[in-house]
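Spelled out from the first residue to the last, the chains are:
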Amino acid sequence: MRSFLIKTPCSSANIGPGFDVIGLALSLHMELKVTVDDSKTSSELPLNCQITYEDLSKSTEQISLDPEVNLITRVALYVLRCHNQRAFPVETKVHISNPIPLGRGLGSSGTAVVAGVMLGNEVGNLGLSKERLLDYCLMIERHPDNVAASLFGGFVGTYLNELKPEDVARKEIPLSEVLPAPAGGIDTGNKPPEPPLGIGHYRKFDWAPEIKAIAIIPDFVVPTANARNVLPQTYSRADVVFNLQRAALLPAALGTSPPDPDMIFLAMQDRVHQPYRKTLIPGLTEILQFMTPLTQPGLLGICLSGAGPTILALATENFDQIADRIIAQFASNNITCQWKLLEPAQAGTTVTEI
Ligand SMILES: Nc1ncnc2c1ncn2[C@@H]1O[C@H](COP(=O)(O)OP(=O)(O)OP(=O)(O)O)[C@@H](O)[C@H]1O
Ligand SMILES: N[C@@H](CCO)C(=O)O
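Values in this document were obtained by computation on a predicted structure and should not be read as measured data.

Draft legend 1. Region of interest: the UniProt feature "domain: GHMP kinase N-terminal" (unreviewed entry) in the chain. With numbering matched to this structure, UniProt assigns "domain: GHMP kinase N-terminal" (unreviewed entry) to residues 70-154. The span residues 70-154 carries 56% helix and 8% strand; its end-to-end C-alpha distance comes to 27 Å.

Draft legend 2. Seen up close, the nonpolar core. By size, the foremost hydrophobic cluster in this structure holds 75 residues, and its most contacted members are Ile15, Leu32, Tyr78, Leu119, Leu254 and Leu314. Of all the elements, strand β2 (residues 22-36) adds the most residues to this core, at 9 residues. When residues of this core are assigned to domains, at least three fall in each of domain 1 (2-202 + 345-353) and domain 2 (206-342). Filtering out sequence-adjacent residues up to four positions away, Tyr78 remains in contact with Tyr136, Met139, Ile140, Val178, Leu179, Pro192, Pro193, Glu194 and Pro195. Ranked by size, the runner-up nonpolar core spans 24 residues in total, among them Ile214, Ile216, Ile287 and Leu288.

Draft legend 3. Examining the site of ligand 2 more closely. Every residue close to ligand 2 is listed here: Ala13, Asn14, Phe19, Asp20, His143, Asp145, Asn146, Thr224, Arg228, Arg277, Gly306 and Ala307. Separating an oxygen atom of ligand 2 from a side-chain N or O atom of Asn14 is a distance of 2.8 Å. Contact with the protein chains covers 97% of the free accessible surface of ligand 2, which is 260 Å². Mapped onto the shell around ligand 2, the elements with two or more residues apiece are α4 (144-152) and α7 (224-229). Residue classes in the shell around ligand 2 are distributed as 3 nonpolar, 5 polar and 4 charged. Both domains that meet at the shell around ligand 2, namely domain 1 (2-202 + 345-353) and domain 2 (206-342), each give it at least three residues.

Draft legend 4. Broad picture of helix α8 (residues 237-255). Over its 19 residues, α8 runs 28 Å from end to end, which matches the ideal 27 Å to within 8%, given 1.5 Å per residue. The largest bend along α8 reaches roughly 35° and is located at Leu249, with the proline Pro251 sitting one to four residues downstream. Residues Asp239, Phe242, Asn243, Arg246, Leu250, Pro251, Ala253 and Leu254 constitute the buried set of α8. Looking at the packing, one finds that the buried side of α8 touches β2, β5 (155-160), β6 (200-205), α9 (261-267), α10 (274-277) and β9 (311-315).

Draft legend 5. Inspection of the pairing of β5 at higher detail. With 3 bridges joining them, β2 and β5 adopt antiparallel strand pairing. Bridging from a neighbouring strand, Ile22 pairs with Gly157 of β5. Pairing geometry for β5 and β6, over 6 bridges, is antiparallel. When the sheet's bridge partners are listed, Gly157 is paired in β6 with Arg203.

Draft legend 6. Up close: the site of ligand 1. Contacts to ligand 1 come from 19 residues, most closely from Glu61, Gly107, Ser108, Ser109 and Thr224. With respect to ligand 1, the side chain of Asn98 contributes an N or O atom lying 3.3 Å from a nitrogen atom. Relative to its free-state accessible area of 640 Å², ligand 1 is covered by the protein chains to the extent of 85%. Going through the elements one at a time, α1 (71-82) and α2 (108-123) are the ones with two or more residues in the shell around ligand 1. If you tally residues by element for the shell around ligand 1, the top one is α2, at 3 residues.

Draft legend 7. Structural detail: the UniProt feature "domain: GHMP kinase C-terminal" (unreviewed entry) in the chain. UniProt annotation of "domain: GHMP kinase C-terminal" (unreviewed entry) refers to residues 265-330 when read in the numbering used here. Helix makes up 39% of residues 265-330 and strand 17%, and the two end C-alpha atoms of the span are 21 Å apart.

Draft legend 8. Structural context of unusual backbone geometry. With an omega of -5°, the peptide bond between Ser257 and Pro258 qualifies as cis. Note that Pro258 resides in the loop between α8 and α9. Between Gly308 and Pro309 the backbone carries a cis peptide bond, its omega angle lying at 5°. Here Pro309 is to be found in the loop between β8 (299-304) and β9.

Draft legend 9. Main features of the pattern of salt bridges. Enumeration according to the criterion identifies 9 salt bridges in this entry. Residue Glu91 is joined to Lys40 by a salt bridge in which the shortest nitrogen-to-oxygen separation is 3.0 Å. Within this pair, whereas Glu91 is found in the loop between α1 and β4 (92-98), its partner Lys40 is found in the loop between β2 and β3 (49-55), the two being separated by 51 residues in sequence. You can call Lys40 partly exposed: its relative accessible area is 37%. Residues Glu343 and Lys212 are paired through a salt bridge, measuring 3.9 Å at the closest nitrogen-oxygen approach. Of this pair, Glu343 sits in the loop between β10 (337-342) and β11 (350-353) while Lys212 sits in strand β7 (residues 212-218); the two residues are 131 residues apart in sequence, bridging distant segments of the chain.

Rules of the game
The residue numbering used here restarts from 1 in each chain and proceeds along that chain's sequence as written. Chain labels run from A onward and ligand labels from 1 onward, assigned in the order the entries are written. Since the coordinates come from a predicted model, pLDDT governs what is reported: local features require at least 70, and pairs of side-chain atoms require 80 or more to be given and counted, while whole-chain, interface and lining totals use all residues. Note that the side-chain values use all heavy atoms of the structure and ignore hydrogens as well as water. UniProt positions are given in the numbering used here, feature names are shortened, and annotations may be inferred rather than shown by experiment. Only DSSP runs of H or I reaching four residues or more are called helices, and only runs of E reaching two or more are called strands; each is numbered from the N terminus. Throughout, nonpolar core names a set of buried Ala, Val, Leu, Ile, Met, Phe, Trp, Tyr and Cys residues whose side chains join them through atoms within 4.5 Å. Note on exposure labels: buried denotes an accessible area under 20% of the residue type's maximum, exposed denotes more than 50%, and partly exposed covers the range between, all computed with a 1.4 Å probe on protein chains only. Segmentation of the chain into domains, including their bounds, is taken from an automatic or database domain assignment. Two residues form a contact once any of their heavy atoms are found within 4.5 Å. In these notes, residues near a molecule or strand are those with any non-hydrogen atom within 4 Å of it. Counting of polar contacts relies on pairs of N or O atoms within 3.5 Å, with two restrictions inside protein: one atom must be capable of donating a hydrogen and the other of accepting it, and residues adjacent in sequence are counted only when both atoms are side-chain atoms. For the area figures, the Shrake-Rupley method with a 1.4 Å probe applies, and any residue is considered shielded solely by the protein chains shown. Here the term charged refers only to Asp, Glu, Lys and Arg, the term nonpolar to Ala, Val, Leu, Ile, Met, Phe, Trp, Tyr, Cys and Pro, and the term polar to all other amino acids, Gly among them. Expected span of a helix, by definition, is 1.5 Å for each gap between consecutive residues, and there is one gap fewer than residues. A residue's bend is given by the angle between axes fitted to the 7 residues ending at it and the 7 residues starting at it. Paired strands, in this sense, are two strands between which DSSP finds at least two bridges. Salt bridge, as applied in this entry: a Lys or Arg side-chain nitrogen positioned within 4 Å of an Asp or Glu carboxyl oxygen.

Printed below as a string of C-alpha cells:
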C-alpha cells in the first residue's frame, strides 16, 4: 500500500501586461490524497479508480467523480496511456480537497491539469521530470503562464519554443484527440498523441517579501474560453509597444525591495486583454482606474487575475481597506464578493509520502 499527498497551488496569470507569459503561484492549494492498494489483484472500480471530492470553495459547479470525465483523472489517464498503461493501478483512491474557486481567474483548470499530470506520473511510476510534465500540461492548457506557476511555484516568466514544423503540428493536435470524449468505460485502445519535447519553458523571478496579493473574488463565473473569445486577433503597434515596455519593467519592479509603488503601478498597466474583458466584468474599468498608490496607502498595483473576474491587488499594508473599496465598487453593480489575502507559493507542486 502506498499513500501520498499531491499539493498544487492556484495561480494568477498575466499580472497586467504579461498576457499568456507571466504567472504567479499563490498560497491556496488543492490537495490530492492518493492511495494505491497493490495487495488487491483486481478491482470493480471503473478504470480501477475511485474519486471523492471535497469542495472547500463553495463553487456551484458539480465536479464529476467518473475517472473518465473528471479533468484531473482524465489528464492522469492521458499521461498513463502515453506510456502504455491503459488504466490506474489496482486499486487507486483519490480524495480531492479543493479550496480554489472554479472559473474565477485563479487558474483552477491549470491547477487541475498540473495535479493530473503529477498523479499520472506517480501512480504509473513514470519518473518524468517537472520539465517534461510541463509539455504534457501544454498539450491540454495551451498557454504556459498558469501551469508553469502551479508546477514550479513562485513568480515566473514563460515562453514556448520555436518547434520544428512536424512538432508544431503535434502540439496543435485538437484537444479532443488529446483528451478524447469518455468512451463509456470502453477502452478504445488508442494511444494518445505524445507531446513534442521541450514545448514550454520558464524562468523564476524574484519577489519582494513585503508584497502580498489580495484576491477579490466576485460571485460569478467567467469561463476562460469566453474571455479569450472577446480578444482581437490583431493589435496596433502602439498597444504592443505599451505592453512590452511595462512587461519588461514588471519583474524588476516586483522583485526590488523595498517596493516602489509608482513603478509597480505603472508596470501593471495593460492594453492587450483587460480593456476587452470589461464587457464581461461589470465595474472592471472603474476598479482599474479609481485607486492609485496616492489615494490608497499600501496599494502597489491592480490587475485582472487571469481571465477574470477576480481582481488581484498587490499591496504592502491596509489590506482590509483596499479589499473593501474594491468590494464596494462591485456592490454598486449588485455583485457580491469574497476576498483572500495570499502570498506567493514558492514550492510549486509537491508530492509527499504519508
Ligand atoms: N479541481 C477540478 N476538478 C475538475 N475540474 C476542474 C477543477 N478545477 C477546474 N476544473 C474545470 O475547469 C473549469 C474552469 O476553467 P477555466 O479555465 O474556465 O477557469 P479558471 O482556470 O478557474 O480561470 P483562469 O484560467 O482565468 O485562471 C471548471 O469549470 C471545471 O470544468
Ligand atoms: N493568460 C490566460 C490566463 C487564463 O487562463 C488568459 O488571460 O486568457
